[in-house]
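Spelled out, the chains give:
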Amino acid sequence: MRSERRDESLFDEAQLRRALRLDAAELPPRIDVAAIAARARADRPGFAAASLVSTLFAGVAAAALVGLIAVAFSAVAPSVASDVFAAAIETLTRVAIPASALLSLAEQPTVPVAAIAALAVAIAYEYAQRREPVREVTS
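Nothing here was measured: the structure is a model prediction, and the numbers come from that model.

## Quick word on the overall build of the chain
No. 1: Counting secondary structure elements, the chain contains five helices and zero strands.
No. 2: Ordered by position from the N terminus, the helices and strands of the chain form the series α-α-α-α-α.
No. 3: Here the chain displays about 13,300 Å² of accessible surface, and carbon together with sulfur accounts for 67% of that area.

## Some remarks on the pattern of salt bridges
No. 1: Applying the stated criterion to the full structure yields one salt bridge.
No. 2: The salt bridge involving Arg94 is made with Glu90; its shortest N-O contact spans 2.7 Å. You can see Arg94 and its partner Glu90 sitting in helix α4 (residues 47-106), four residues apart, about one turn around the helix.
No. 3: Residue classification places Arg94 among the exposed positions, given a relative accessible area of 59%.
No. 4: Glu90 sits in the partly exposed class, given a relative accessible area of 40%.

## Some details on the confidence of the model for the chain
No. 1: Considering every residue of the chain, the mean pLDDT works out to 81; 81% of them sit at 70 or more.
No. 2: Across the chain, α4 holds the top mean pLDDT of 90, while helix α1 (residues 2-9) sits lowest at 56.

Parameters at a glance
- Residues numbered from 1 in each chain as written.
- Predicted model: local features only at pLDDT ≥ 70, side-chain atom pairs only at ≥ 80, totals over all residues.
- Heavy atoms only, no water.
- Helix = DSSP H or I, 4+ residues; strand = E, 2+ residues; numbered from the N terminus.
- Areas by Shrake-Rupley, 256 points an atom, 1.4 Å probe, with all protein chains shown as cover.
- Salt bridge = Lys/Arg side-chain N within 4 Å of Asp/Glu carboxyl O.
- Buried < 20%, exposed > 50% of the residue type's maximum accessible area, 1.4 Å probe, protein only.
- pLDDT = per-residue confidence, 0-100.

Below you can see the structure in the form of structure tokens.
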């Protein structure tokens with residue numbers, strides 16, 4: 001009795017393969033784009049004319065769009081250029097104000113003298129550090 005129930009609960013292998021689509025015969029056919037395009041050309045004799053007309057229409061639309069962009073750019077360019085120039089001047093003034101304080105400090109006569117003295121001390125320190133102690137080699 002148990003073996004009968006166990007057999008009932010199992011699936012038939014063919015049904016399971018069909019459900020999972022594991023058989024090669026059940027796979028969907030592959031799409032061949034070249035064959036579809038060749039058949040479309042063969043079925044429609046006016047395909048070349050329609051293709052030419054659509055290409056010409058796309059070319060005219062692209063040329064019109066380029067012309068529209070050129071006209072719009074020539075109308076908008078002066079205002080954009082003035083805004084960019086104003087932003088550059090504003091940035092320059094924001095940098096110049098703190099820089100003027102540093103430059104006024106550097107104009108004091110004691111600052112260059114102190115800088116030269118600090119440079120001399122740094123050079124003397126580096127020369128002192130580079131000296132190697134004398135090692136005696138005895139044989």
